[in-house]
Amino acid sequence: SKLTSHSTVEGPCRQGSSQCGPNSKCVEEGDNFRCVCEQGYEYLYEDDVNGEKATCLDINECTSGRDNCHLYAECVNLPGSFACRCLLGYSGNGVNCERTLTCNDLNCDANAECDLGPNGIPVCRCKAGFEGDGYVCQHVGGIGEDCRIVNYCDSHASCNFNPTAQKFQCQCNPGYTGDGVVCIEEESPSTCDVANNCDENALCVYQYGEYVCECNSGFSGDGYKCVPETPVPVSCNIENICHPQALCVFDSSADEYKCRCNAGFVGDGYQCTQSHECNTVENCDRNAQCTYDSSSNRYQCKCNPGYSGDGKSCQLEEATPKFEGESLLFAQGMSLLQMPFNPTRNNPGKLVLMEPYQTAIGVTTDCQKGHVYWTDVAHRVIRRANYDGSNSEVFIKK
Ligand SMILES: [Ca+2]
């Protein structure tokens, strides 16, 4: 037994322990040993004259995010460990912190006071002369108690000396009635014969033992406020007042029966006219589309691109020549002239241009560009000008 007790002490750590630095412990591994940092410490390796040397340093759990303190707690770093402490206004073990109640958090009765209890927890306590849980406190004693000691009178009452009872008692203020602890406003005795408070479209009449306001005929209301009666319109489910091209249907949103024009007709149900809008009638040309026109808030037929018309009839568009009136353009010697097919006194025809010494023949026009071309055989060139004769120029030289 002596040997066995010695064997542990005589293991590798017997010598090795002295080589382990502060905050570390020796761990045996077979015939060898190893220095291991104690819990809460970690190795810091640094270069030494003898090579690499390891020391064990405290882990700062607070700054390294290894703590489990509550959001409303502060973390305190300690050698080898850490601690959590709830912030001011919070209580708990630091891992769990709850807001500490204050007197402001409680809704004590007006006749109660708030104190901090033995655990620092606030408590409502009824004031002297009152009893209850602190949230509802009632006066102890009752009517007849001297109201100078505890004023339990209503807010519409005062504590007065009652000569009959020979003590101070609560007494309702003028205009209020009650025992002084509970006072209610006295009802105004003024009826319309005194107060003259009926609506201008009402009369004050004596009825069933009292004066009351009554609206004049043609008006409805309580007599103090009267409004003109509006004639109740006949509902179409009682009397058929709808247009022949309409049906009487129940409108659940308005909670009443309403006339509604049949499909293909538009109107308020009392007057319906045939709709020509293409969303109800397919009346567009086959080369048109029914589109919604936001400017007129209507559906309208619109000819497809390349077609023109009102949408109900669309024609293929063709490149229309730009003829300037119905006239004949011709050359005569040095001149180009324009002559209407039906000359009048005001429009007898005109000289378009004259080029000196030219002999113009073979006049033709480019109606797309509005040009007139002709040959000047005297100069052996082809010339060009605008329809009105302006910008006359040689187009092709000889
Ligand atoms: Ca620590």
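Just so we're clear, the structure is a prediction, and the values are computed from it rather than from any experiment. (Residues numbered from 1 in each chain as written. Predicted model: local features only at pLDDT ≥ 70, side-chain atom pairs only at ≥ 80, totals over all residues.)

This paragraph deals with the overall build of the protein. The number of helices and strands found in the protein is three helices and 35 strands. Split into buried and exposed, the 398 residues of the protein put 16% on the buried side. Look at the contacts in the protein between residues 6 or more apart in sequence, and 18% of them connect residues 24 or more apart. (Helix = DSSP H or I, 4+ residues; strand = E, 2+ residues; numbered from the N terminus. Buried ≥ 20, exposed ≤ 12 C-beta atoms within 10 Å, placed from the backbone. Contact = placed C-beta atoms within 7 Å.)

Before going further, it helps to spend a moment on the pairing of strand β35 (residues 393-396). Consecutive side chains of a regular strand alternate in pointing toward one face of the sheet and then the other. Inspection of the sheet shows strand β34 (residues 381-386) paired to β35 by three bridges, in the antiparallel sense. Among the inter-strand pairings, Ile382 is bridged to a residue of β35, identified as Ile396. In this structure, the hairpin formed by β34 and β35 is closed by a connection of six residues, where Gly389 is found at a positive phi of approximately 95°. (Pairing = 2+ DSSP bridges.)

Here the focus is the sheet that holds strand β33 (residues 371-376). Reading across the sheet, the four strands line up as β32-β33-β34-β35 and stay open at both edges, with antiparallel pairing between neighbours. Both outer strands of the open sheet, β32 (360-366) and β35, are each paired with one neighbouring strand and no more. Across this sheet, the average inter-strand angle for adjacent strands is 35°, counted without regard to direction. In this structure, β32 lies alongside β33, joined through five bridges in antiparallel fashion. Bridging from a neighbouring strand, Asp366 pairs with His371 of β33. (Axes fitted to C-alpha atoms, helices over the stretch in contact; angles between N-to-C directions.)

Turning to the confidence of the model for the protein, a few remarks are in order. Of the residues in the protein, 90% reach a pLDDT of 70 or more, and the chain-wide mean stands at 83. In this model, residues 1-7 is a region of pLDDT below 50 whose contacts with residues beyond four sequence positions or in other chains number zero contacts. (pLDDT = per-residue confidence, 0-100.)

Tracing the backbone through its elements, the reader meets Gly175 in the loop between β14 (167-172) and β15 (176-178). Separated by 12 residues in sequence, Gly175 and Glu187 have C-alpha atoms that sit 8.6 Å apart. In this structure, Gly175 is in contact with Glu185 and Glu186, ignoring residues within four places of it in sequence.

Okay, the UniProt feature "repeat: LDL-receptor class B" (unreviewed entry) in the protein next. UniProt records the feature "repeat: LDL-receptor class B" (unreviewed entry) at residues 370-398, using the numbering of this structure. The span residues 370-398 is 0% helical and 55% strand by assignment, and the distance between its end C-alpha atoms comes to 24 Å. (UniProt positions renumbered as here; feature names shortened; annotations may be inferred.)

What follows deals with the environment of Ser313. Inspection of the secondary structure assignment puts Ser313 in the loop between β27 (307-309) and β28 (314-316). The exposure class assigned to Ser313 is partly exposed, which follows from the 14 C-beta atoms found within 10 Å. Residues Ser313 and Cys284, spaced 29 residues apart in sequence, show a C-alpha to C-alpha distance of 7.3 Å.

Ordered by their spatial adjacency, three strands build an open sheet running β29-β30-β31, and the pairing between neighbours is antiparallel. Of all the strands in the sheet, just β29 (327-332) and β31 (350-354) have a single pairing partner and so form its edges. Going from strand to strand, the sheet's axes swing by 20° on average, the running direction of each strand aside. With four bridges connecting them, strand β30 (residues 335-340) and β31 associate as antiparallel partners. Bridge pairing in β31 places Ser335 opposite Met354.

What follows deals with the pairing of strand β10 (residues 122-126). Sheet analysis places strand β9 (residues 112-116) next to β10, joined by five bridges and oriented antiparallel. The residue bridging Cys114 from the neighbouring strand is Cys124, located in β10.

Within soluble globular proteins, side chains that are nonpolar tend to cluster in buried spots. One finds Cys147, Tyr152, Cys153, Ala157, Cys170, Cys172 and Cys183 forming the largest nonpolar core, which totals seven residues. Not counting chain neighbours up to four residues away, the residues in contact with Cys183 comprise Asp154, His156, Ala157, Cys172, Asn173, Tyr176, Thr177 and Gly178. (Core = buried A, V, L, I, M, F, W, Y, C linked by C-beta atoms within 7 Å.)

Moving on to the environment of Arg384. Structurally, Arg384 can be placed in strand β34. Residue Arg384 is classed as partly exposed on the basis of its 17 C-beta neighbours within 10 Å. Sequence separation between Arg384 and Trp374 is 10 residues, and the spatial gap between their C-alpha atoms is 6.6 Å. When near neighbours in sequence (up to four residues on either side) are disregarded, Arg384 contacts His371, Tyr373, Glu393 and Phe395.

What follows concerns unusual backbone geometry. Positive phi, normally seen in glycine, also occurs at Asn23, with a value near 65°. Here Asn23 is to be found in the loop between α2 (13-16) and β1 (24-29). Notably, Arg380 is not glycine yet its phi reads approximately 55°, a positive angle. On the secondary structure map, Arg380 appears in the loop between β33 and β34.

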